[in-house]
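In case you want the letters, here they are:
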Amino acid sequence: MEPLREVSGRAIPFGRKNIDTDVIIPAKWLKTITRDGLGRGAFETLREDPGNLFDSPEFAGSPILIAGDNFGCGSSREHAAWALLDLGVRAVIAPSFSDIFSGNAFKNGIVTVVLPQTAIDRLMEVAQTDPVSIDLESQTVTTPFQDRFTFEIDPFRKHCLLEGLDEVGLTLARGDAIARYENDAKAALPWLAKGVEHA
Amino acid sequence: MASRPRTLYEKIWDAHVVERRDANDSRGTCLIYIDRHLVHEVTSPQAFEALRAAGRTVRRPDLTLAVPDHNLPTTARRDSAGARIPIADPESAQQLAALERNAPEFGIRYIGDADAQQGIVHVVGPEQGFSLPGATIVCGDSHTACHGGLGALAFGIGTSEVEHVLATQTLLLAPAKTMEVRVEGSLGPGVTAKDLVLHICGVLRASGGTGYVIEYTGSAIRDLSVEGRLTVSNMAIEHGARAGLIAPDDTTFAYVKGRPYAPRGADWDAAITWWRSLTTDPGARYDKVVTIDAADIVPSVTWGTSPEDVVPITGTVPAPENFADPSKQDAARKSLEYMGLVPGEPMTGIAIQNVFIGSCTNSRIEDLRAAAAVLNGRRKSANVKWAIVVPGSGLVKAQAEAEGLDRVFIDAGFEWREPGCSACLGMNPDKVPPGERCASTSNRNFVGRQGPGSRTHLVSPATAAASAVAGRLADVRELDRQ
Ligand code: SF4
């Protein structure tokens, strides 16, 4: 994964609440067996409108998306994160995210920034005409007009994003601890360790 | 030494901590062991591909079960000579072929499209005794919350997490907050587990559960069968909750006993002892408590494009301006436009053209029995063009046929199909045509969910059956009186 320290540029002032994963990427795009090329299906129904933000010359390819409450609710499809990535989005700013979506986003090197609605309102205004900048190290979102909003992020996620670390590789390195757990569990809850071997 | 009182969620969590990432932070992220992993064809190909690319193996193939469900056609899959009938959609065929290839390559038990046990993963897991109380269960599918009805900590994960679990049998997770949703009292006649959870969707709204694991408690929950509990927990994700939980009890144990992968003999006795300890201790604190009176719940139906858009079947289409939240007013206007509804219209006046009985929410034997009981001796209305029943698994289908339910459905004008996800999300050919309405027992009424332009009304199996007969959304309690 590519390290991510800063995301700067135009931000798509989308702002809508409760955007579910069916809107981000409709079910018909889930039939792929690769991760690539899903940007074409991103927000497909909204993009049927010729005046949509995602295809406007001003915002197409912007690295930041500003959304409303509960962004990414609905299904667990990671395709939503892959579709955003393929559009060029590396950061989403919203008042709240669905748990699964923010996990998926993080695992694909997209940072989800939670800010209060008042900050979102201000950023929506700035984004109409000017760029927005997210600095992961200092956990701040800034604008050319001296706006400065700080956000919280899980320290581990921050570390992984900054270093571009692969979570599977990190956990595989904990193989001894996992084996120890398995041994203990086999003694304590032997039937649970049996899985399909019971039949 | 008496230990601190804990919630059910905390007990399952504590039993699965491999290690804390930061030993000094008792509320921080943990490496959590996963006991059961269900895999289907839609969210797994990229995970297997990544394992292959990195030269990694599956740590515990014996704790993993693969079942195709989303893309499978619900029409016959083999011809009379037993040869596979090709799948028309090349992309569906490609995803199914990928799972059929990946499962054996990585040593994973695979229940195939023509096996008697095949079905929707969330129906197959409990039915096979693969999903067990107290276990941590994951699947690349948000409705994994379903298995919480057994008292398992079960939740949906993304494809990168599927890969993580395949490679390590663990996940890095931060503990969730806990919420108790307590439903006391008894459900009235014609009111089912689905109506109960739709009612909760209305109370909690689509994001009221975000960040929480919800434990459903109270006498109305305890009185439910395991099938009903699976229905309730299934929709925990529709309030944004990470998972749903219902404490296992004798009803649960009776359901699990004797299933193919369930513990037996001495293992069974040991399991029961542990399962009995899996209740929330007196004095344990939830982060939030919501109480609901079962007497307030009537057959429920959705009018909009979010599961929170619930009204009693006796109610009317709401007026957007009556919502307090301005953004909800706006969303309601959009929903009503999409749904082609006018405020003030009685719900029972809304004509439907399609009926879908199926999905991991409502495709178990009890659901089919409830629908068949309503349809027995009746026929679907002429304006219902398409009515299908899609059993949740081959075993449900066989059981229903043994009970003669298939005849009841067919005589009522329904099509009797092969198991799978079907019109729940329309990845296979089963779709609701644009602009048409469907009374559906599934769990999501999102825009386009059952096919582009489809209009979904979420209901219980009994309500779906009554609506098929009436040709409009119907109050099953009225039909009973006729
Ligand atoms: S039946 Fe519907 S909700 Fe359930 S797993 Fe299949 S597509 Fe998902």
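Residues numbered from 1 in each chain as written. Chains lettered and ligands numbered in written order. Predicted model: local features only at pLDDT ≥ 70, side-chain atom pairs only at ≥ 80, totals over all residues. Heavy atoms only, no water.

Peer 1: How would you summarise the overall build of chain B if you had to cite specific residues and measurements?
Peer 2: What chain B contains, in helices and strands, is 16 helices and 19 strands. Here the C-alpha radius of gyration of chain B, 22 Å, is about what a compact globule of 482 residues would show, namely 23 Å. If you line up chain B on its principal axes, its C-alpha atoms span 60 × 60 × 45 Å. Taking all 482 residues of chain B together, the buried fraction comes to 65%. Residue pairs at least 24 apart in sequence account for 76% of intrachain contacts in chain B once pairs closer than 6 positions are excluded. The distance from the centre of the 49 positive side-chain charges to the centre of the 56 negative ones in chain B is 0 Å. (Helix = DSSP H or I, 4+ residues; strand = E, 2+ residues; numbered from the N terminus. Rg over C-alpha atoms; globule rule 2.2 N^0.38 Å. Buried < 20%, exposed > 50% of the residue type's maximum accessible area, 1.4 Å probe, protein only. Contact = heavy atoms within 4.5 Å. Lys, Arg positive; Asp, Glu negative; His and termini not counted. Charge placed at Lys NZ, Arg CZ, Asp CG, Glu CD.)

Peer 1: Lay out the layout of surface pockets in plain terms, naming residues and giving numbers.
Peer 2: In this structure, the second largest pocket spans a volume of roughly 1,300 Å³. Forming the boundary of the second largest pocket are 43 residues, of which Asp99, Ser102, Asp154 and Arg157 of chain A together with Ala174 of chain B lie nearest the centre. The element that contributes the greatest number of residues to the lining of the second largest pocket is helix 3 (residues 99-107) of chain A, accounting for seven residues. For the lining of the second largest pocket, the per-class residue count stands at 21 nonpolar, nine polar and 13 charged. (1 Å grid on protein atoms, 1.4 Å probe; cavity = no way out; pocket = protein on both sides within 12 Å on 5 of 7 lines; lining within 4 Å. Points joined across faces, edges and corners; volume = space filled by probe spheres on them. Nonpolar A, V, L, I, M, F, W, Y, C, P; charged D, E, K, R; others polar.)

Peer 1: Give a detailed account of the pairing of strand 5 (residues 111-114) of chain A, specifying residues and quantitative values.
Peer 2: All names here are of chain A. Where strand 4 (residues 91-94) and strand 5 come together, four bridges link them in parallel fashion. Counterpart to isoleucine 93 in the pairing with strand 5 is valine 113. For the handedness criterion, the β-α-β arrangement of strand 4, helix 3 and strand 5 is classed as right-handed. (Pairing = 2+ DSSP bridges. Right-handed = clockwise from strand over helix to strand, strands pointing away.)

Peer 1: Kindly report on the interface of chain A and chain B, identifying the contributing residues and their values.
Peer 2: The interface is formed by 50 residues belonging to chain A together with 72 residues belonging to chain B. When chain A packs against chain B, the two sides together hide about 5,200 Å² of surface, and 57% of this comes from carbon and sulfur. On inspection of chain A and its partner chain B, the count reaches ten salt bridges. Across the salt bridge formed by glutamate 163 of chain B and arginine 35 of chain A, the nearest N and O atoms sit 3.6 Å from each other. Remark: the boundary between chain A and chain B carries 28 residue pairs in polar contact (both at pLDDT 80 or more). For the side of chain A that touches chain B, the elements supplying multiple residues, two or more each, are helix 2 (79-87), helix 3, helix 6 (167-172) and helix 7 (175-188) of chain A. Broken down by element, the residue count for the side of chain A that touches chain B peaks at six residues, all from helix 7 of chain A. Partitioning the side of chain A that touches chain B into residue classes produces 20 nonpolar, 14 polar and 16 charged. (Buried area = accessible area lost by both parts, 1.4 Å probe. Salt bridge = Lys/Arg side-chain N within 4 Å of Asp/Glu carboxyl O. Polar contact = N/O pair within 3.5 Å; in protein donor to acceptor, adjacent residues only side chain to side chain.)

Peer 1: Let's hear about the environment of asparagine 102 of chain B: which residues, and what values?
Peer 2: All names here are of chain B. If you trace the backbone, asparagine 102 turns up in helix 3 (residues 90-105). Once the C-alpha coordinates of asparagine 102 and arginine 52 are considered, the two residues, 50 residues apart in sequence, prove to be 9.9 Å apart. Dropping the residues within four chain positions of it, asparagine 102 is found in contact with Pro45, Phe48 and Arg52. In terms of polar contacts, asparagine 102 uses its side chain to reach the side chain of arginine 52, at 2.2 Å.

Peer 1: An account of empty space enclosed by the protein is needed here, citing residue identities and associated values.
Peer 2: Rolled over the atoms, a probe as big as a water molecule pinpoints where empty space is left. Residues and elements named next belong to chain B. The final tally for this structure, using the stated rule, is three cavities of 30 Å³ or more. Of the voids in this model, the largest cavity is the one considered here, and its volume is about 240 Å³. Residue lining of the largest cavity: 25 residues in total, with His70, Asp141, His143, Leu425 and Arg449 positioned closest to the centre. Here the lining of the largest cavity is built from residues that sort into nine nonpolar, eleven polar and five charged.

Peer 1: Tell me about the pattern of salt bridges, and name the residues and values.
Peer 2: Oppositely charged side chains can form a pair if their charged atoms are brought close together. Residues and elements named next belong to chain B. On inspection of all chains with the given rule, the structure shows 47 salt bridges over all chains. Across the salt bridge formed by arginine 182 and glutamate 184, the nearest N and O atoms sit 2.6 Å from each other. A relative accessible area of 29% means that arginine 182 is categorised as partly exposed. On the basis of relative accessibility, which here comes to 31%, the residue glutamate 184 falls in the partly exposed class.

Peer 1: For the sheet that holds strand 19 (residues 455-458) of chain B, give the residues involved together with the corresponding values.
Peer 2: Residue and element names in this part refer to chain B. The five strands are arranged 17-16-15-18-19 in an open sheet whose pairing can be described as parallel. Edge positions in the sheet fall to strand 17 (415-416) and strand 19, since each of these pairs with one other strand and no more. As paired elements, strand 15 (residues 354-357) and strand 16 (residues 386-389) share four bridges and run parallel to each other. Bridge pairing in strand 16 links phenylalanine 356 to isoleucine 388. Against the sheet, helix 11 (residues 326-339) makes contact with strand 18 (437-440) and strand 19, and its axis sits at roughly 110° relative to strand 19, the strand it touches most. (Axes fitted to C-alpha atoms, helices over the stretch in contact; angles between N-to-C directions.)

Peer 1: Lay out the packing of helix 2 (residues 45-54) of chain B against helix 3 of chain B with the relevant residues and their values.
Peer 2: Residue and element names in this part refer to chain B. At a closest axis distance of 10 Å, the pairing of helix 2 and helix 3 adopts a crossing angle of 45°. Taken together, the axes of helix 2 and helix 3 lie oblique to each other. Considering the relative orientation of helix 2 and helix 3, their crossing is left-handed. In this structure, helix 2 contributes Pro45, Phe48 and Arg52 to the contact, and helix 3 contributes Leu99, Asn102 and Glu105. In terms of residue class, the contact of helix 2 with helix 3 is built from three nonpolar, one polar and two charged. (Parallel < 35°, antiparallel > 145°, perpendicular 65-115°, else oblique. Left-handed = near helix turned anticlockwise from the far one by under 90°.)

Peer 1: Any details on the domain arrangement of chain B? Residues and values, ideally.
Peer 2: Where interface size is quoted, it is often the accessible area lost as the parts come together. Residues and elements named next belong to chain B. Partitioning chain B into structural domains gives domain 1 (17-171), domain 2 (174-247 + 274-295) and domain 3 (299-481). Taken together, the contacts link 22 residues of domain 1 with 20 residues of domain 2. Along the contact surface separating domain 1 from domain 2 lie zero salt bridges. (Domains from an automatic or database assignment.)

Peer 1: Tell me about helix 4 (residues 117-127) of chain A, and please be specific about residues and values.
Peer 2: Residue and element names in this part refer to chain A. Considered for burial, the residues of helix 4 that qualify are Ala119, Ile120, Leu123, Met124, Val126 and Ala127. One face of helix 4 carries all of its buried residues, which in axial projection span an arc of 165°. Within helix 4, the exposed residues directed more than 90 degrees away from the buried face are Thr118 and Glu125. (Arc of directions from axis to C-beta.)

Peer 1: Which residues make up the domain arrangement of chain A, and what values go with them?
Peer 2: According to the domain assignment, chain A contains domain 1 (6-164) and domain 2 (166-199). Put simply, the middle of domain 1 of chain A and the middle of domain 2 of chain A, counted by C-alpha atoms, are 36 Å apart.

Peer 1: Lay out helix 12 (residues 365-375) of chain B with the relevant residues and their values.
Peer 2: Along helix 12 of chain B, the residues classified as buried are Ile365, Asp367, Leu368, Ala371, Ala372, Val374 and Leu375 of chain B. Taken from the residues just after helix 12 of chain B, glycine 377 of chain B is the one with a positive phi, measuring 80°.

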